[in-house]
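Residues per chain are reported as follows:
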4 protein chains.
Amino acid sequence: MSMNSFGHLFRVTTWGESHGPALGATVDGCPPGVPVTPEMIQHWLDKRKPGQNKFTTQRREADEVKILSGVFEGVTTGTPVQLMIENTDQRSKDYGDIKDKFRPGHADITYFQKYGIRDYRGGGRSSARETASRVAAGGLAREAIMAMAPGVQITGYMVQMGPHQIDRTAFDWDQIEQNPFWVPDARAASDWATYLDGLRKSGSSVGAIIEVVARGVPAGIGAPVYGKLDTDLSAAMMSINAVKGVEIGEGMSAAMLTGEANADEIYMGNDGQPRYSSNHAGGILGGISTGQDIVVRFAVKPTSSILTTRKTITKNGEETEIITKGRHDPCVGIRAVPVGEAMMACVILDHLLLHRGQVGENRGIIG
Amino acid sequence: MSMNSFGHLFRVTTWGESHGPALGATVDGCPPGVPVTPEMIQHWLDKRKPGQNKFTTQRREADEVKILSGVFEGVTTGTPVQLMIENTDQRSKDYGDIKDKFRPGHADITYFQKYGIRDYRGGGRSSARETASRVAAGGLAREAIMAMAPGVQITGYMVQMGPHQIDRTAFDWDQIEQNPFWVPDARAASDWATYLDGLRKSGSSVGAIIEVVARGVPAGIGAPVYGKLDTDLSAAMMSINAVKGVEIGEGMSAAMLTGEANADEIYMGNDGQPRYSSNHAGGILGGISTGQDIVVRFAVKPTSSILTTRKTITKNGEETEIITKGRHDPCVGIRAVPVGEAMMACVILDHLLLHRGQVGENRGIIG
Amino acid sequence: MSMNSFGHLFRVTTWGESHGPALGATVDGCPPGVPVTPEMIQHWLDKRKPGQNKFTTQRREADEVKILSGVFEGVTTGTPVQLMIENTDQRSKDYGDIKDKFRPGHADITYFQKYGIRDYRGGGRSSARETASRVAAGGLAREAIMAMAPGVQITGYMVQMGPHQIDRTAFDWDQIEQNPFWVPDARAASDWATYLDGLRKSGSSVGAIIEVVARGVPAGIGAPVYGKLDTDLSAAMMSINAVKGVEIGEGMSAAMLTGEANADEIYMGNDGQPRYSSNHAGGILGGISTGQDIVVRFAVKPTSSILTTRKTITKNGEETEIITKGRHDPCVGIRAVPVGEAMMACVILDHLLLHRGQVGENRGIIG
Amino acid sequence: MSMNSFGHLFRVTTWGESHGPALGATVDGCPPGVPVTPEMIQHWLDKRKPGQNKFTTQRREADEVKILSGVFEGVTTGTPVQLMIENTDQRSKDYGDIKDKFRPGHADITYFQKYGIRDYRGGGRSSARETASRVAAGGLAREAIMAMAPGVQITGYMVQMGPHQIDRTAFDWDQIEQNPFWVPDARAASDWATYLDGLRKSGSSVGAIIEVVARGVPAGIGAPVYGKLDTDLSAAMMSINAVKGVEIGEGMSAAMLTGEANADEIYMGNDGQPRYSSNHAGGILGGISTGQDIVVRFAVKPTSSILTTRKTITKNGEETEIITKGRHDPCVGIRAVPVGEAMMACVILDHLLLHRGQVGENRGIIG
């Protein structure tokens, strides 16, 4: 049992701090024979990489992944895959003047209260930099999924930034890759750029909501009652830095529905498979996939590193004030999009393997 | 690894179906020497017990817990505690006419697609009846917490039913035990009774939002980065039947805040301990408790067993219609209140033990 | 993580004390659709049941198993199977006069030192009675194996009792079921009866070595490097009460071999599958099955409950003497035979499932 | 659940192949505040390092450990510690001519049968080189034990090589560090050198038995019934390459004892603590430590890489012969000594943490 691991059969353990020599993911349980190269993993890391535009932290990191084990002659061997990313732009000195102060809204104080250790260098283990390891592991998971269930597609996008929501009637999958916010709505992309630029200049920050959808997931994966697919997705998303809420399908709004409105009616598709009149369930019933789109949303709070003076205390218990001068993200939710996708990929793969383990390739056939 | 287990050191495995001979919880890792009697556990089960008023299912169950192991001469021995509840009012015949039909919004279809088995007797393992086991385990966890950290108090209550929210300015802890909805707001209790009675008579159902608060939890419990306190709470709540969303502190609304608004400022209390100007964090930063109230909310979707005809299919793939005539809950969220409390208790205890294991009794002392 | 559980995907948690109301096994991860009845499980329990002849404890237990969950209409549902055995002949009073004394060679003292609890009733959780739960779980595992890999046969037998070893040249599978010691050697069976009867009458006890063989296990199951098949088998056997040593294949004697003598040469069988010139490896190389017989041996120490006066102390730290008058086994190794088989069955099934999960049905095909 | 991990709270995952760029150990759950430097870890790695004398493989590896995470300003932070060792002398070409052949007695064939992958470069993951990661993790465990239970001392030594056993009456702790075999018997050291030199020159190899003793371990650690201290030790030792048997205390010989001979009598020491007349139990009763020396032995089979021609097959199913020309160890048991110590250290630390987690600092006090 490691508190820095997740997954049952596809087991990911991340390690490393934001200002240590390196960080990475130790991934065990990957099926053998999956084609994988550093470039395949790098593709997803580049998506998350900071400093790509003015809306993300100006820290410059190559985020270059090295595969140290578990891959031989271009395919996975079935043994642990070590994915390492060396830190190159560590600039610890940026943090020297807040060395003994706790940043409000940040894990500084709780890590100190737990461990008695103050790693002041940019948050240490609690830094968003840890998510690079997740994205690397997610890249590997995607390749393994492609080998097992080639129809699966996993896509994340932003649906809310601060008070601004997307227009669902204008939803356009093709827009997602066209703007720095991964927004499926061209107008939102444009409006949000103006909005966030203002926040950035004032040294402020704002929260966001990310939605991640997995299409083409076969019915029948997931497992009652504590290893449900939605339980694992919920834990996976909540474990991402700064996430404060997770929703499946209708999410918190399910509270407002009546039974009639909520229950997705079932009919038979032309292909002899069940179809649903709606997807309030978000593709999961009783913790098991229905075959519909799996829909997860999570809310990311605003970065706690801001340029406004805030009241705080030192580790010696003195009251003081703090301004965070380190490079930071005005909306850390942006870079959470590829992270959410990675977590979805890891969870889906894990449950594909679990299902195959317990039940085999066959499933209950309807009709 | 069991998919029907949760917890790291305080490990709970539930078993049993709604219409089998019995169900229960196998609980391992409980500290030794904790005073516990069947009556202490029964107290919490009685709170969840169905049929207590017209707003919950009319199934009559004594829900009498038996302690089959792990307790000797009135205290826990440190070995597994088996908590068994025999089913007494099973009335399987109620379900005979929906034997081959899948209820929309229910796990019938996905269990069948996963396992190829149709346990038509009231939902089998996916029934809300499974939560009795959780409540029993939670009762044990409460006693163990009392022995380790006597200041901890765990209380759940309903904050929303359908479109109706409580008035936070009228919040009254003492009201919670005074009404069938566990609502901390006398007026809401009254209004909701009328509202739900209407729904009940029409054979409909509605969702709800439950909030669970743990007060007095010491700072420093929880663990980065996948075994975070909020990650585990999120999984614990999402694993409850019908839950579709989970929030910590500000929850999904964190997306709307700026960094200035979100970060709880810190100052020193008169007792030399850190205090916070607000609690947007819900008592958790970086996955570790701050010492503030731990605040979790979850949304429960409406029961899918309703008296309105709905379109569905049979397990042979024929389109048909269904009406669920079994006894049911117009708002299953009501009985989710003690369940949410139980899950909170189990998670808090687990992290108290984990912290003591890794770090010992001492923590980083501020000041 | 439960310290009272074993297995990865086929996960068994046992619970219960020798003198509580019941004990049992909570088994999760069983494949669905496996035909199983109480009678099928009972068959194996009857084999372990005490009091069947003069060589095992005279405690009279029906050891009747009840299946409380996870089986519906005669097949497993894929959800947890609860196997309960009620204690009927508890006679706690037998133990009253040793209430405060620790039996030398017994876990009394260490349980007390660990937990601060003295469950004097026949050893509580450390009693050999716990192994009934294992045998029940093993019975279920056998049925699941039969469904997945019907060629597998698991057989245990005794190869040494005290100083007496079997004659390997006279090995006869058919003898095993013909004598109370499960010995594959008719002459040994006869000689040992005389020997053990003498020991029994003098109130003494003696150790034994059990060998368990799994034939027909496909090549390729097991997993490097800490979840090796032999690692898991070793843990499984060592976890049985009173076991002090475990061997795979050549076992401790491997130390005496040269590389030439040890390495089993490989050739091709008529069926196009690899064959080996010998089986020093015990069917496992690098933690993975070779397709040869899997051979495990374990040594069981003599029962510590004997009728000779021994020096000991009380829980108050006073020196004293003790004679154990409770019913006991002169050679507890006899009843360890079905227990060892059960553990082998559970481990084999677990690794069949694990292999299917990670790799699927196909394996590396030679030739 | 990772098959390449062990430990419950102190959780070690090793990764890496013998001929990849690097290998290492990802260690989670280490207590915070433990002083640790690369030099402290290196000390133990140097003990295992190959090529130090003519009795171990001539592969030249610096085996230099790098601490990539989890240590800040000279102490552990409580977050994952990544210990990496880069491979520098990989010489893959040595293995080219056995590329398609399986070495008898080696995991080549089973890895291929399991994964369908042939990593011919020196055994890949199944190489003894993997044990360097264990030694690094064990070095960290030792430092953590020193902080928690400073009286604990862990020492391994060889007690048998081929047919030659040590003379227990001549046992001398001080000899262990004085000879290349870690033998506590000066005469054996001298005799074995001659014996092994002969084997080495003839290109043969031989097995060995290693004994590891932990002194000063407090009574009360370990946990029934599947996470017993001896169960975990047995799994830990059996997971080491080439190990075929594990014994606790009396081990396999326990089979030959009577109850009178086996049960260690108990009396009170001058310090008011229990003492025992003997230690047949090897310091463990019912899976829990007694406070006596914990004694584990394991047998290592001879290296399968030998210079004698052996019959085997290719991965295409053709019969052929093989001679292994790669550098190899005439007695791989020698380097297993520090590995066994490392595993003991990891298991002891893990159970110290587990005990503190479940029970706290206090234990049942006798007297």
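Residues numbered from 1 in each chain as written. Chains lettered and ligands numbered in written order. Predicted model: local features only at pLDDT ≥ 70, side-chain atom pairs only at ≥ 80, totals over all residues. Heavy atoms only, no water.

## Remarks on the overall build of chain A
From N to C terminus, chain A includes seven helices and 18 strands. Against the compact-globule benchmark of 21 Å for 367 residues, chain A has a radius of gyration of 21 Å, which places it among compact chains. Dimensions along the principal axes, computed over C-alpha positions, put chain A at roughly 70 × 50 × 35 Å. Within the span of chain A, comprising 367 residues, buried residues form 71% of the whole. Looking at chain A as shown, the accessible area adds up to about 10,800 Å², and 48% of this sits on carbon and sulfur atoms. A gap of 7 Å separates the mean positions of the 38 positive and 41 negative side-chain charges of chain A. (Helix = DSSP H or I, 4+ residues; strand = E, 2+ residues; numbered from the N terminus. Rg over C-alpha atoms; globule rule 2.2 N^0.38 Å. Buried < 20%, exposed > 50% of the residue type's maximum accessible area, 1.4 Å probe, protein only. Areas by Shrake-Rupley, 256 points an atom, 1.4 Å probe, with all protein chains shown as cover. Lys, Arg positive; Asp, Glu negative; His and termini not counted. Charge placed at Lys NZ, Arg CZ, Asp CG, Glu CD.)

## So, the side chain of C:Ser205
If you trace the backbone, C:Ser205 turns up in the loop between helix H4 (186–201) and strand S10 (208–215). Among the residues examined, C:Ser205 registers a relative accessible area of 0% and is labelled buried. At 2.8 Å, the side chain of C:Ser205 forms a polar contact with the backbone oxygen of C:Thr303. The contacts of C:Ser205, once residues within four sequence positions are left out, are C:Leu199, C:Pro302, C:Thr303, C:Ile306, C:Asp329, C:Pro330, D:Leu257, D:Thr258 and D:Gly259. (Polar contact = N/O pair within 3.5 Å; in protein donor to acceptor, adjacent residues only side chain to side chain. Contact = heavy atoms within 4.5 Å.)

## Comments concerning unusual backbone geometry
Of the consecutive residues C:Pro224 and C:Val225, the connecting peptide bond is found in the cis state with omega at -10°. As for its position among the elements, C:Val225 is in the loop between S10 and helix H5 (229–238). One non-glycine residue, A:Trp182, adopts positive backbone phi at about 55°. Structurally, A:Trp182 can be placed in the loop between strand S9 (164–165) and helix H4 (186–201). Owing to a relative accessible area of 11%, A:Trp182 belongs among the buried residues under this scheme. Although it is not a glycine, B:Ala242 adopts a positive phi angle of roughly 75°. On the basis of relative accessibility, which here comes to 23%, the residue B:Ala242 falls in the partly exposed class.

## Points about the sheet that holds strand S11 (residues 243–248) of chain B
Pairing within the open sheet is antiparallel, and its ten strands lie in the order S9(A)-S8(A)-S10(A)-S16(A)-S11(A)-S11(B)-S16(B)-S10(B)-S8(B)-S9(B). Looking at strand neighbours, the two that pair on one side only are S9 of chain A together with strand S9 (164–165) of chain B, the edges of this open sheet. Relative to strand S10 (residues 208–215) of chain A, strand S8 (residues 153–161) of chain A runs antiparallel, the two sharing eight bridges. Within the sheet, the bridge partner assigned to A:Gln160 lies in S10(A) and is A:Ile209. (Pairing = 2+ DSSP bridges.)

## Some remarks on the relation of the copies chain A and chain B
Under the fitted operation, chain A is carried onto chain B by 0.0 Å of movement along the axis and a turn of 180°, and the coordinates agree to an RMSD of 0.0 Å. What the rotation and shift describe, once combined, is the action of a two-fold rotation axis. Both copies share a contact surface, since 100% of the interface residues of chain A are interface residues in chain B too. (Least-squares fit on C-alpha atoms with pLDDT ≥ 70 in both.)

## Brief notes about the interface of chain D and chain A
For interface size, the figure often reported is the accessible area lost on association. The interface of chain D with chain A comprises 41 residues on the first partner and 41 residues on the second. When chain D packs against chain A, close to 3,100 Å² is buried across both sides, 63% of that on carbon and sulfur atoms. On the chain D side of the contact with chain A, D:Met1, D:Leu68 and D:Phe72 bury the most area, a combined 20% of that side's loss. Linking chain D with chain A are zero salt bridges, by the criterion used here. Remark: the boundary between chain D and chain A carries 15 residue pairs in polar contact (both at pLDDT 80 or more). Only strand S2 (11–16), strand S3 (22–28), strand S4 (65–69), strand S6 (75–76), strand S7 (81–86) and helix H2 (108–115) of chain D provide two or more residues apiece to the side of chain D that touches chain A. Among the elements that line the side of chain D that touches chain A, the one with the most residues is S2(D), at five residues. In terms of residue class, the side of chain D that touches chain A is built from 17 nonpolar, 16 polar and eight charged. (Buried area = accessible area lost by both parts, 1.4 Å probe. Salt bridge = Lys/Arg side-chain N within 4 Å of Asp/Glu carboxyl O. Nonpolar A, V, L, I, M, F, W, Y, C, P; charged D, E, K, R; others polar.)

## A closer look at the UniProt feature "binding site: NADP(+)" (unreviewed entry) in chain A
All names here are of chain A. As annotated by UniProt and renumbered to match this structure, "binding site: NADP(+)" (unreviewed entry) occupies Arg48 and Lys54. Position of Arg48 among the secondary structure elements: in helix H1 (residues 38–48). Judged by its relative accessible area of 1%, Arg48 falls in the buried class. Setting aside residues no more than four positions away along its own chain, Arg48 makes contact with Asp63, Ala128, Arg129, Thr131, Ala132, Val135, Arg335, Pro338 and Val339. Along the chain, Lys54 falls in the loop between H1 and strand S4 (65–69). For Lys54, a relative accessible area of 43% puts it in the partly exposed group. Setting aside chain neighbours within four positions, we find Lys54 in contact with Asp197 and Arg200. (UniProt positions renumbered as here; feature names shortened; annotations may be inferred.)

## Things to note about the sheet that holds strand S7 (residues 81–86) of chain C
The pairing of strands in a sheet happens through backbone hydrogen bonds and is either parallel or antiparallel. All names here are of chain C. Spatially, five strands are ordered S1-S2-S3-S7-S4 in an open sheet, and the strand pairing comes out antiparallel. Edge positions in the sheet fall to strand S1 (5–6) and strand S4 (65–69), since each of these pairs with one other strand and no more. As paired elements, S4 and S7 share four bridges and run antiparallel to each other. Directly across from Val65, in S7, lies its bridge partner Ile85. Strands S4 and S7 of the sheet are contacted by helix H1 (residues 38–48), whose axis makes an angle of about 140° with S4. (Axes fitted to C-alpha atoms, helices over the stretch in contact; angles between N-to-C directions.)

## With respect to the packing of helix H3 (residues 131–148) of chain C against helix H7 (residues 333–359) of chain C
Packed helix pairs are specified by the crossing angle of their axes together with the interaxial distance, meaning the distance between the axes. All names here are of chain C. Where H3 contacts H7, the two axes come as close as 7 Å, and the packing angle between them is 45°. As the angle between them shows, H3 and H7 are arranged oblique. The two elements H3 and H7 meet at a crossing, and its hand is left-handed. Here H3 contributes Thr131, Arg134, Val135, Ala137, Gly138, Ala141, Arg142, Ala144, Ile145 and Met148 to the contact with H7, which in turn contributes Pro338, Val339, Glu341, Ala342, Met343, Ala345, Cys346, Ile348, Leu349, Leu352, Leu353 and Arg356. The class makeup of the residues in the contact of H3 with H7 is 16 nonpolar, two polar and four charged. (Parallel < 35°, antiparallel > 145°, perpendicular 65-115°, else oblique. Left-handed = near helix turned anticlockwise from the far one by under 90°.)

## A few points about the relation of the copies chain D and chain A
It takes a turn of 180° to lay chain D on chain A, together with a shift of 0.0 Å along the axis; the resulting RMSD is 0.0 Å. Taken as a fraction of all interface residues of chain D, those also at the interface in chain A reach 100%, which identifies the copy contact as same-surface.

## Comments concerning the pairing of strand S10 (residues 208–215) of chain B
All names here are of chain B. Taken across its eight residues, S10 has seven buried, putting it largely inside the fold. As paired strands, S10 and strand S16 (residues 294–300) are joined by seven bridges and run antiparallel to one another. In the sheet register, Ala214 faces S16, and the bridge partner there is Ile294.

## As for the packing of aromatic side chains
Scanning the model with the defined rule gives 32 aromatic pairs over all chains in all. Ring geometry for A:Phe181 against A:Trp192: centres 6.4 Å apart, planes inclined by 55°, an arrangement best described as tilted. Pair noted here: A:Phe181 is in the loop between S9 and H4 and A:Trp192 is in helix H4, with a separation of eleven residues, a long-range link. The structure contains a cluster of three or more aromatic residues connected by ring pairs, namely A:Tyr157, A:Phe171 and A:Trp173. Its end group placed over the ring of B:Trp44, B:Arg142 keeps NZ or CZ at 3.7 Å from the ring centre. Here the guanidinium or amino end of B:Arg215 rests over the ring plane of B:Trp173, the centre of that ring lying 3.8 Å away. (Phe/Tyr/Trp six-rings, centres within 6.5 Å; stacked < 30°, edge-to-face > 60°. Lys NZ or Arg CZ within 6 Å of the ring centre and 35° of its normal.)

## Quick word on the interface of chain A and chain B
Across the boundary between the two partners, chain A contributes 112 residues, which contact 113 residues of chain B. When chain A packs against chain B, close to 9,000 Å² is buried across both sides, 61% of that on carbon and sulfur atoms. Summed over the shared surface of chain A and chain B, the result is two salt bridges. Where A:Glu265 meets B:Arg310, a salt bridge forms, and the shortest distance between an N and an O atom there is 3.9 Å.

## Examining the pattern of salt bridges
Side-chain pairs of opposite charge can arise where the charged atoms are in close proximity. All chains considered together, the criterion is met by 65 salt bridges over all chains. Here B:Glu247 makes a salt bridge to B:Arg297, at a shortest N to O gap of 2.9 Å. Here B:Glu247, found in strand S11, pairs with B:Arg297, found in strand S16; they are 50 residues apart in sequence, far enough to count as distant. Here B:Arg297 falls in the buried class, since its relative accessible area comes to 12%. A salt bridge links C:Lys66 to C:Glu86; the shortest N-O distance between them is 2.8 Å. Remark: C:Glu86 occurs in strand S7 and C:Lys66 occurs in strand S4; sequence separation between them is 20 residues. The exposure class assigned to C:Glu86 is partly exposed, which follows from its relative accessible area of 35%. Residues joined in a network through salt bridges with shared partners are A:Lys47, A:Arg142, A:Glu177 and A:Glu341.

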